[in-house]
Amino acid sequence: MAKKDLTLNVNGSLRQVTAELDEPLLWILRDDLGLTGTKFGCGSGECGACSVLIDGEVYRSCRVPVAYAAMGQKIVTIEGIGSVGNLSALQRAFVDHTAFCCGYCTPGMIITATALLGKNPHPSREEIIAAMDHNLCRCGSYLNIIEAIEAAAEAS
Amino acid sequence: MNLTRRQFIASLGSAGLFYAFRFTPGIGTQTGSFEAPLAPPDESVCLDTPLEIDYTDWIAFGPGDKVTIFTGRTELGQGLKTVLTAIVTQGLEISQENLTVVLGDTDLCPDDGVTSGSSSTQTVGWGFWLACLKIRGDVVIRASRFLSIPVEELEFRQGGVGLKGEANLLVNPAELGHGEVSFMDIDPKAEKSGKTYTDLKIPNVNAEAIVTGSLTYVGDIKKDGMLYAGWATPPYHTRLTTLKSADLSAVRALPGVKSAEVVQGMIAVIGERYSDVLKGLDLVQATWSVPSRPKEMPLEEARADATLIAVKEQQGDINAGLAASDLVVSETYTTQYIAHAQLETDISLAKMENGGDKVTVWVSTQYAAKAKELIAAYLKIPHSSVRVIAQPAGGAFGGKQANPVNPEAARLARLVKAPVKLIYSRKDQFQIRSHFKAAGIIEVTSGVSSAGKILARKVDFYQDVADGTKYTYDIPHVLVKAYRDTNWPISAAATRGTSYVQTCFATESHIDSLAHRLGIDPLEFRRKNILSQALVKVLDTCAEMIGYDNNDLEQDEGIGLGIIVHGAAQLGAAAAKVAVDRTSGKITVKHVCAAFDIGTVINQNTALVGLRGGIAWGIGFILSEEVKLNGHRVETEYFSQYKIPRFSDIPPIDIVFLDNYAPGTGPRGCGEMPVIPTLCAIANAIYNAVGVRFYSTPITPDKVKKALGSI
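Reading the values: the criteria
- Residues numbered from 1 in each chain as written.
- Chains lettered and ligands numbered in written order.
- Predicted model: local features only at pLDDT ≥ 70, side-chain atom pairs only at ≥ 80, totals over all residues.
- Heavy atoms only, no water.
- Helix = DSSP H or I, 4+ residues; strand = E, 2+ residues; numbered from the N terminus.
- Rg over C-alpha atoms; globule rule 2.2 N^0.38 Å.
- Buried < 20%, exposed > 50% of the residue type's maximum accessible area, 1.4 Å probe, protein only.
- Contact = heavy atoms within 4.5 Å.
- Lys, Arg positive; Asp, Glu negative; His and termini not counted.
- Charge placed at Lys NZ, Arg CZ, Asp CG, Glu CD.
- Areas by Shrake-Rupley, 256 points an atom, 1.4 Å probe, with all protein chains shown as cover.
- Phe/Tyr/Trp six-rings, centres within 6.5 Å; stacked < 30°, edge-to-face > 60°.
- Lys NZ or Arg CZ within 6 Å of the ring centre and 35° of its normal.
- Buried area = accessible area lost by both parts, 1.4 Å probe.
- Salt bridge = Lys/Arg side-chain N within 4 Å of Asp/Glu carboxyl O.
- Nonpolar A, V, L, I, M, F, W, Y, C, P; charged D, E, K, R; others polar.
- Pairing = 2+ DSSP bridges.
- Axes fitted to C-alpha atoms, helices over the stretch in contact; angles between N-to-C directions.
- Core = buried A, V, L, I, M, F, W, Y, C linked by side-chain atoms within 4.5 Å.
- Parallel < 35°, antiparallel > 145°, perpendicular 65-115°, else oblique.
- Left-handed = near helix turned anticlockwise from the far one by under 90°.
- 1 Å grid on protein atoms, 1.4 Å probe; cavity = no way out; pocket = protein on both sides within 12 Å on 5 of 7 lines; lining within 4 Å.
- Points joined across faces, edges and corners; volume = space filled by probe spheres on them.

Caption draft 1: Representation of the overall build of chain A within the structure. For chain A, the count of helices and strands is 5 helices and 5 strands. Whereas a compact globule of 156 residues would reach a radius of gyration of roughly 15 Å, chain A reaches 15 Å, a difference of no more than 12%. Dimensions of chain A, computed from C-alpha atoms along their principal axes, come out at roughly 50 × 30 × 25 Å. Taken across its 156 residues, chain A has 61% of its residues classed as buried. Pairs at least 24 residues apart make up 53% of the contacts formed inside chain A by residues separated by at least 6 positions. For chain A, the distance from the average position of its 12 positive side-chain charges to the average position of its 17 negative side-chain charges is 4 Å.

Have a look at this one:
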C-alpha cells in the first residue's frame, strides 16, 4: 500500500506523518511521533493498554487505522493528560493510591477513566467498574484503581 | 572476564568510598554466628579482582553527597526500586534526590540471583538495611582517623559524620575514601540493629513516570537504523514439529521487509515497521512436519507415561500411618495450564557495537545475568562481549527468568547487522513462548483418627513439581512424590503463586473434605492439625474478619478457608465468601479476608497493592483461567480466550499484617503468597455454598451447571 501524507491533531498540536492508510494509529503514535506512553499489549483491542481518546471517546489505537483518525478529530494520548511535575487530578490520585504495580496498563486506565469522569464526574462504584471493565490489569491493581478514580471524583 | 573493580570504580568517574556486601552463611536458611570484623578502614580488597561475586551488592559514595546502589535484581512492578529506596534513604539518612538505584545492568551490577520467589525484599533489601547500619559505624571510624577526633565524640547522621550534639556535618563518606572497596559479610541472624526500620510509606518511586506514560519499557527505546522482527507461528507446537520447507519470496518482495530468514528452524521476518513484519508474516509459505502424537492429548496420557522425578517429602512410615487411621480418604484433583499473561509481551532490543565485537541488549527480565549468559552462549561469543540492560518489566510473574527472546534478538541483530527489536505478539506468547504452569493430576490420600488428627498423608503429583505441604500441618507420616512425562511438549514454568499452587488446591480441598466427613468444622479441624501457633493466629484472624461464625449467609452462599506457608517463614491465610448462581453457573466472590505474617513490612503501599494482586491471581486460577491445548498445538491466542480477572471479578478485600512468627527479624516477602490461600478458600466456599466439591480447575460456569444440574 502506498504511503500518504496525513495530518493528525494530537494533544492539541497538528502533526504531519507519511504512512500507509491502514497502519494502526498505535504505531504512528509510538514510532513516528515519539509518544511511547500508549502501549502495545495484544494488538487485538482486548486489553486496553493502547487506549487513546478520539474526540473524547475511548478507542483502541491498535485497531484504529491511522487514516480514520486523520480527519480532523482531536486525539489525546496519556502525554496530553499531564506530565511529570504537572499531573492531572486523576494522575495525582493514581499516585496517591498506588493504583498500579508494573504500570504497563496504567496509561490506558487513565485514558479510560479520564473519559468516564469527563462524562460522569461522580460515578458510583458500579459505574466505574462498568466503564473500566475492558481494561485489563494482570498485576491485579483493580481495587487501587477504583479507589483512585473515586478519590479524584470526590475531590472534583 | 569482566570489569574489574578498578575499572568499575573508574567508570563511575569519582574518587570515593565503596562497599560490597554479601550474606553469609545464607538468608533465612541457616543459623550461625558471625565473628569476622568489618575490614579496617585502610585495608582494601584487591581492585583487580572481578566485579561479579555471587550474592554481592554494592553501595558507592560519591561524588559529593551522591550515593549509588547496585543490584542485579530487576523492577517487575513489585516495587523493588521503591523498597530499596525506602531502606537506603532511611538507613543512611539521605534524601531520595541524592540516591541512585541501578538495577540489572550487567556492566555495573553484580549477579545477586534471579528476581523471584518473593525473595528480593527479604534478601537484597534487608541486606542493604544491615549493610547501611554497618557502614554508618565504619564511616565514623574512618572519619575519626581523617579528622583526628575520637570516635566517641562523633556520630553518623544525615548521610555524613559530625560531632555529637552539633548540627553541622564535618565530612561526608565520599571524602573518606580514594576509590577503595570494603568487602563486608553480613549474617542477618547475628546482626543486632541499633536502628529499627520504620515504614514511612513513601510513594512508589516510579509513580509519576508510570502515570504519565514516561517510564521506559524495552519497547519504548529507539535506536538509529532499528528494525523490527517477529517469528512465524508454526501450525503445530514448536517442540512437536520441524520446518520442512519455506518459500519466503513473497515476503522478501514486500516493501518495508528487510529480510526473511530461517534461523534454527524458525522463520523470522525483519522489517522497518512492526506492521511490515506482520504483513510479511502473513505471506510466509512453509510446510511443517505433522506431529506423531494424537491430536487430543488428555492429561491422563501424561500420567500413564510419567516417571518419578523426585520424592519431595518423606517422613515416618506412610503405610503404617494409614493402617493406624480410623478413616482413609483418597481423592484425585486436576488443574489446568496457566499462562503468565503479563501485559508486556516478550520483547528485546539488541544492538551490535564496536563493529560486531560486542552486543548490548535491552531486556525485560527477572535475571539480567542469566540473560547475558544465554546470549553469549547462543551467539557463541565471549561472556564479556555482552551487556544486558534491564528495563522495568510490564509484568513477569515467573515467565521472564530465562526468556529466549533476548538471545533471539541478539542473533537477529548480528544477522542483519542492524539494531533489532524482536516482539512476541500476544498469540506468540501463547503459541511460541508457550511456557505455562503445567497442568497436573494430584492424587491425595490421607488417614485421620476419628478424633480429627491427621496421621498420614500421601500425595502423588503428575506433570509438575509438587511442594508446599511442609511447615503447614503436623502430620507424622508423609510421602510426597512428583512424576513427569519427560516427553511432554509443554515446559513447566514458574508462575506467581509458586510451583505448589496445584498441590495446595488439592490438599486444602482435601482438608475440608476430611473435616466434613468427620463431621468437624473445617476451621476447627485446621486448628487441631496446623503446625505452628503463629499460623493458627493468621487463620483465626481471617475467620474473624469475615465473620466465620456469624455471617448472614443467603441460599447458595458459603464461606471457605485456605492457608499457606511459603518457604518456611511466610505465613498466610484467606477466608472467602462466594455466591453460586445455579442458573448461570457463575461463581461470584463476595468478600476475601486475608492475613499475612511476613515480618517487617518495608513499604505498605507496594505490599498492599501486590497482595491484592495476588488475590486476583487466585481468583483467576480457581474460576476462569485456562490455556487450551489440542494435542498438536496451543489453541489459545487471545485475552478473550484466556480469561484473566477483570474489575468486575474483584470483591471487597480486607488484608491484615501480623508479626508473631519471628518478630524483629526483618521482612520476609509476600508478593505471591495470597494466590494459594485465596483459590483454596474459594474452592472450599463453593462446597459450603452448594454441597458439591469440584475436583478440577478452573471451576467454570459450565462445570458448575453440569454438576448442579445432576442434583
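Caption draft 2: Here's a closer look at the overall build of chain B. When helices and strands are tallied, chain B shows 17 helices and 27 strands. Its C-alpha atoms give chain B a radius of gyration of 28 Å, within 12% of the compact-globule value 27 Å for 711 residues. Projected onto its principal axes, the C-alpha positions of chain B cover 85 × 70 × 45 Å. Scored against the burial criterion, the 711 residues of chain B give a buried share of 61%. Element-wise, carbon and sulfur atoms account for 49% of the exposed surface of chain B, whose accessible area totals about 25800 Å². Across chain B, the centroid of the 69 positively charged side chains sits 5 Å from that of the 77 negatively charged ones.

Caption draft 3: Inspection of the packing of aromatic side chains at higher detail. Using the criterion set out here, one finds 17 aromatic pairs over all chains in the structure. When the centroid spacing of 4.7 Å and the interplanar angle of 15° are considered together, the rings of Tyr 462 of chain B and Tyr 483 of chain B count as stacked. One end of the pair, Tyr 462 of chain B, is in strand S21 (residues 454-462); the other, Tyr 483 of chain B, is in strand S22 (residues 477-484), with 21 residues separating them in the sequence. Assigned by exposure class, Tyr 462 of chain B and Tyr 483 of chain B land together as buried. Taken together, the ring pairs connect Trp 27 and Phe 40 of chain A together with Tyr 228 and Tyr 274 of chain B into an aromatic cluster. Here the guanidinium or amino end of Arg 138 of chain A rests over the ring plane of Trp 617 of chain B, the centre of that ring lying 3.6 Å away.

Caption draft 4: Inspection of the interface of chain B and chain A at higher detail. The interface of chain B with chain A comprises 59 residues on the first partner and 57 residues on the second. Contact between chain B and chain A buries roughly 4700 Å² in total, counting both sides, with carbon and sulfur atoms accounting for 58%. Summed over the shared surface of chain B and chain A, the result is 9 salt bridges. Residue Arg 612 of chain B pairs with Glu 147 of chain A through a salt bridge whose shortest N-O separation is 2.9 Å. Those elements that place two or more of their residues in the side of chain B that touches chain A are helix H4 (207-211), helix H6 (274-282) and helix H15 (604-623) of chain B. For the side of chain B that touches chain A, the element with the highest residue contribution is H15 of chain B, accounting for 7 residues. Across the side of chain B that touches chain A, the residue classes break down as 29 nonpolar, 18 polar and 12 charged.

Caption draft 5: Looking closely at the sheet that holds strand S25 (residues 570-580) of chain B. All names here are of chain B. A sheet is described by the order of its strands in space; here 4 strands give the open sequence S24-S25-S26-S27, paired in mixed fashion. For this open sheet the edge positions go to strand S24 (557-566) and strand S27 (653-658), each flanked by a neighbour on one side alone. The mean angle between the axes of side-by-side strands here comes to 15°, regardless of whether they run parallel or antiparallel. Sheet analysis places S25 next to strand S26 (residues 587-597), joined by 10 bridges and oriented antiparallel. Each bridged residue has a counterpart across the sheet, and for Ala 576 the counterpart in S26 is Val 592. Helix-sheet contacts for helix H16 (residues 675-690) involve S24, S25 and S26, and the interaxial angle to S24 is about 155°.

Caption draft 6: Focus on helix H1 (residues 25-32) of chain A. Residues and elements named next belong to chain A. Across the 8 residues that make up H1, a large majority, 7, are buried. Residues of H1 that are buried: Leu 25, Leu 26, Trp 27, Ile 28, Leu 29, Arg 30 and Asp 31. Of the residues flanking the end of H1, it is Gly 34, one or two places downstream, whose phi is positive at about 65°.

Caption draft 7: Expanded view of the pattern of salt bridges. One pass over the structure, following the stated rule, counts 33 salt bridges over all chains. For the salt bridge of Lys 279 of chain B with Asp 22 of chain A, the shortest nitrogen-to-oxygen distance reads 3.3 Å. One end of the pair, Lys 279 of chain B, is in helix H6; the other, Asp 22 of chain A, is in the loop between strand S2 (13-20) and H1, on a second chain.

Caption draft 8: Up close: the sheet that holds strand S16 (residues 358-363) of chain B. All names here are of chain B. Pairing within the open sheet is mixed, and its 7 strands lie in the order S10-S11-S8-S18-S15-S16-S17. Looking at which strands have only one partner, the edges of the open sheet turn out to be strand S10 (257-263) and strand S17 (386-390). Strand after strand, the sheet turns through a mean of 20° between neighbouring axes, direction not considered. In this structure, strand S15 (residues 347-353) lies alongside S16, joined through 6 bridges in antiparallel fashion. Following the sheet pairing, Glu 353 is matched in S16 by Lys 358. On top of the sheet, helix H9 (residues 368-379) reaches S10, S16 and S17; it is set at about 145° to S17, its chief contact.

Caption draft 9: The arrangement of the nonpolar core in detail. If you look at the biggest cluster of nonpolar residues, it comprises 154 residues, and the most contacted ones within it are Phe 94, Met 109 and Ile 149 of chain A together with Val 580, Leu 623, Ile 682 and Ile 686 of chain B. With 11 residues, H16 of chain B is the single largest residue contributor to this core. Cys 62 of chain A together with Leu 349, Val 361 and Ile 389 of chain B belong to the second largest nonpolar core, which has 57 residues in total.

Caption draft 10: View of the packing of helix H2 (residues 80-92) of chain B against helix H3 (residues 121-147) of chain B. All names here are of chain B. At a closest axis distance of 9 Å, the pairing of H2 and H3 adopts a crossing angle of 15°. Here H3 runs roughly parallel to H2, going by the angle between their axes. In the crossing of H2 with H3, the sense of the turn from one axis to the other is right-handed. Along its contact with H2, which presents Val 83, Leu 84, Ile 87, Val 88, Gln 90, Gly 91 and Leu 92, the element H3 presents Thr 121, Val 124, Gly 125, Trp 126, Phe 128, Trp 129, Cys 132, Ile 135 and Arg 136. Per-class residue counts for the contact of H2 with H3 are 11 nonpolar, 4 polar and 1 charged.

Caption draft 11: The packing of helix H12 (residues 501-518) of chain B against H16 of chain B, seen in detail. Residue and element names in this part refer to chain B. Two numbers describe how H12 lies on H16: the axes approach to 9 Å, and their chain directions differ by 35°. Like other packed secondary-structure pairs, H12 and H16 cross with a definite hand, here right-handed. Of H16, the residues touching H12 (which contributes Val 501, Cys 504, Phe 505, Glu 508, Ser 509, Asp 512 and His 516) are Val 675, Ile 676, Leu 679, Cys 680, Ala 683, Asn 684, Tyr 687 and Asn 688.

Caption draft 12: Summary view of the layout of surface pockets. Residues and elements named next belong to chain B. As a volume, the second largest pocket reaches approximately 930 Å³. Along its surface, the second largest pocket is lined by 35 residues, and Tyr 274, Leu 278, Leu 281, Asp 282 and Ser 425 are the ones closest to its centre. Mapped by element, the contributors of at least two residues to the lining of the second largest pocket are strand S8 (227-231), H6, strand S12 (285-288) and helix H11 (426-433). Considering each element in turn, the lining of the second largest pocket owes the most residues, 6 residues, to H6. In terms of residue class, the lining of the second largest pocket is built from 19 nonpolar, 7 polar and 9 charged.

Caption draft 13: Structural detail: unusual backbone geometry. Residue and element names in this part refer to chain B. Between Gly 62 and the following residue, Pro 63, the backbone shows a cis peptide bond with an omega angle of -5°. Omega for the bond connecting Thr 697 with Pro 698 falls within 30 degrees of zero, at -5°, which places this linkage in the cis form. Mapped onto the elements of the fold, Pro 698 is located in the loop between H16 and helix H17 (701-709). Phi is positive for Ser 148, which is not a glycine, with a value near 55°.

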